[in-house]
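# Breakdown of the fold
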Amino acid sequence: MLGTAALNRKLSFTLCLAAIVVCNTARADDWVGQQVFIKETAKPKLGNKIIPWNQVGMPATVTKVDGDWLWVGKAWVKSGEVVKRDDAPSYYATVIRRDPSAAYAYLLRGVAWRLKRDYENALRDFSEAIRLEPDAHMAYQARAAVYHQLHEFQKALADISEAIRLAPEVGLYYNDRGCIYKSLENYNKAREQFDEAIRIQPNLALAYSNRGVNWHVEKKYDKAMADFNKALEIDNKLTHAYNMRGYVWSKEGHYAEALKDWDESIRLAPFEPGGYTNKARLYATCMSLGHRDGELAVENAQKACELSFWEEWLYIATLAAAYAEAGKFEEAVEWQKKAIAMNKNPEKRDTIEHQKRLELYEAGMPYRDPEVSE
């Protein structure tokens, strides 16, 4: 059995729990749009140097192909050294049969289950990883992320707090705790956590970006913009910051700046849905007539849904709004009903808001978002 220190070394990669990954190999069409994990037997190459497999993000984003080699953001890996998302559970099951004490295999299989929205199996695997290695802080972080997504906020707080107790030097964990507090609408505590994340890791761009979101919710837009700008100063490839800064631009009526940020997000991560759904929302629901375009709204909304495997209810709702703007109200009603049915943890305000949208579409009227100002 791996000791805790050994496990944490083996799991020294970043768990990109919500990343969209692109892959190509000798036959590009076999890989484009896939999500992959790096096998523990892999030998990723950076120039002439071989780097440890666990120093490549999990899942990994592949954006280039050279023969049988895939570029996964940090290194080249052979196509035979990766596992596609849909194959990951069975692959790690084989690893576990070979070594039932392989906590890292349970952790990574849990990540794969989470990406497939199989939260029950994800929680089971994360819990088993913790049972095998009680001090493996990454497993607590991963389980907290699932509880957060399921709106079980107190369980999420307990797990991320345990991760912090075990690894107080990891600023990302304070960032995660801040996000949970933000979901609980405790914005003061959320900001304290983002502040602490930044104190520990001054160059943690994601913490600035999330603090910017927190400022935005509190309607302190100047501070929000300052944090998004700082995040992008640190990491000019952080799509989260571009998407959120674009949202603030659009809210203030600066549509050209908003579209520029979302286009940059798409350029940097063409297989992530955020930029597309933001553009679709603007084209479909903007209060300003001159910036609405039903055809472009549908095109971008469909792209966002495809990239999220048609599994995100908010993207489906944006597609419904796009069809309404295009005057296709039957399609708008159909997709809005699907969006409502897909929302497994509806908050009261979401239920009211999206029922109102459905009634508009049934009456042959498009939706206008007051958050996208005139």
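Computed from a predicted model, the values in this text were never measured in an experiment. (Residues numbered from 1 in each chain as written. Predicted model: local features only at pLDDT ≥ 70, side-chain atom pairs only at ≥ 80, totals over all residues. Heavy atoms only, no water.)

### A closer look at the overall build of the chain
Each helix and strand counted, the chain has 17 helices and seven strands in total. By its C-alpha atoms, the chain is 60 × 50 × 40 Å across when sized along the principal axes. A burial count over the chain gives 53% of its 374 residues as buried. Carbon and sulfur atoms provide 49% of the accessible area of the chain, an area that totals close to 17100 Å². Averaged over its 51 positive side-chain charges, the chain has a centre that lies 4 Å from the centre of its 53 negative ones. (Helix = DSSP H or I, 4+ residues; strand = E, 2+ residues; numbered from the N terminus. Buried < 20%, exposed > 50% of the residue type's maximum accessible area, 1.4 Å probe, protein only. Areas by Shrake-Rupley, 256 points an atom, 1.4 Å probe, with all protein chains shown as cover. Lys, Arg positive; Asp, Glu negative; His and termini not counted. Charge placed at Lys NZ, Arg CZ, Asp CG, Glu CD.)

### Concerning unusual backbone geometry
You will see that His 151, though not glycine, has its phi angle at about 65 degrees, which is positive. The topology assignment puts His 151 in the loop between helix 5 (137–149) and helix 6 (153–166). Take His 151: its relative accessible area is 33%, and that puts it in the partly exposed class.

### Comments concerning the nonpolar core
Counting residues in hydrophobic clusters, the biggest one holds 73 residues, and the most contacted among them are Phe 37, Ile 38, Tyr 92 and Tyr 173. Sort the elements by how many residues they give to this core and helix 3 (residues 103–115) lands first, with ten residues. Leave out the neighbours within four places in its chain, and Tyr 92 touches Phe 37, Ile 38, Ala 105, Leu 108 and Arg 109. By size, the runner-up hydrophobic cluster in this structure holds 34 residues, among which are Ala 284, Ala 324, Ala 339 and Leu 358. (Core = buried A, V, L, I, M, F, W, Y, C linked by side-chain atoms within 4.5 Å. Contact = heavy atoms within 4.5 Å.)

### Digging into the packing of aromatic side chains
A full pass over the atoms with the stated rule returns five aromatic pairs. Among the aromatic residues, those joined into a cluster by ring pairs are Phe 37, Tyr 91 and Tyr 92. In this arrangement the basic side chain of Arg 85 is found over the ring face of Phe 309, its NZ or CZ atom lying 4.3 Å from the centre. For the cation-ring pair, Arg 357 lies above Tyr 367, with the distance from its terminal atom to the ring centre recorded as 4.0 Å. (Phe/Tyr/Trp six-rings, centres within 6.5 Å; stacked < 30°, edge-to-face > 60°. Lys NZ or Arg CZ within 6 Å of the ring centre and 35° of its normal.)

### Concerning the packing of helix 15 (residues 313–325) against helix 17 (residues 348–362)
Following both chains from N to C, one finds helix 15 and helix 17 inclined at 25 degrees, their axes separated by 11 Å at the closest point. Classified by the angle their axes make, helix 15 and helix 17 are roughly parallel. The two elements helix 15 and helix 17 meet at a crossing, and its hand is left-handed. Along its contact with helix 15, which presents Trp 313, Leu 314, Ala 317, Ala 320, Ala 321 and Ala 324, the element helix 17 presents Asp 350, His 354, Arg 357 and Tyr 361. Classifying every residue of the contact of helix 15 with helix 17 by side-chain character gives seven nonpolar, one polar and two charged. (Axes fitted to C-alpha atoms, helices over the stretch in contact; angles between N-to-C directions. Parallel < 35°, antiparallel > 145°, perpendicular 65-115°, else oblique. Left-handed = near helix turned anticlockwise from the far one by under 90°. Nonpolar A, V, L, I, M, F, W, Y, C, P; charged D, E, K, R; others polar.)

### Things to note about the pattern of salt bridges
Applying the stated criterion to the full structure yields 24 salt bridges. Arg 211 is the partner of Asp 195 in a salt bridge, and the nearest nitrogen-oxygen pair spans 2.7 Å. Taken together, the positions of Asp 195 in helix 8 (residues 187–200) and Arg 211 in helix 9 (residues 205–217) put the pair 16 residues apart, joining distant regions of the chain. Given the relative accessible area of 16%, Arg 211 is considered buried. The partner of Lys 338 in a salt bridge is Glu 334, and the shortest N-O contact between them spans 3.4 Å. Here Glu 334 and Lys 338 lie together in helix 16 (residues 329–342), a separation of four residues that amounts to about one turn. Within the structure, one salt-bridge network assembled from shared partners comprises Arg 85, Asp 86 and Lys 116. (Salt bridge = Lys/Arg side-chain N within 4 Å of Asp/Glu carboxyl O.)

### Digging into helix 13 (residues 274–285)
For helix 13, which comprises twelve residues, the first-to-last C-alpha distance of 16 Å matches the rise-based estimate of 16 Å (1.5 Å per residue) to within 8%. Of all twelve residues making up helix 13, twelve are buried, and the element is well covered by its neighbours. Looking at helix 13, one finds that the buried residues are Gly 274, Gly 275, Tyr 276, Thr 277, Asn 278, Lys 279, Ala 280, Arg 281, Leu 282, Tyr 283, Ala 284 and Thr 285. (Expected span 1.5 Å × (residues − 1).)

Don't take any of this as a statement about function, it's just geometry.
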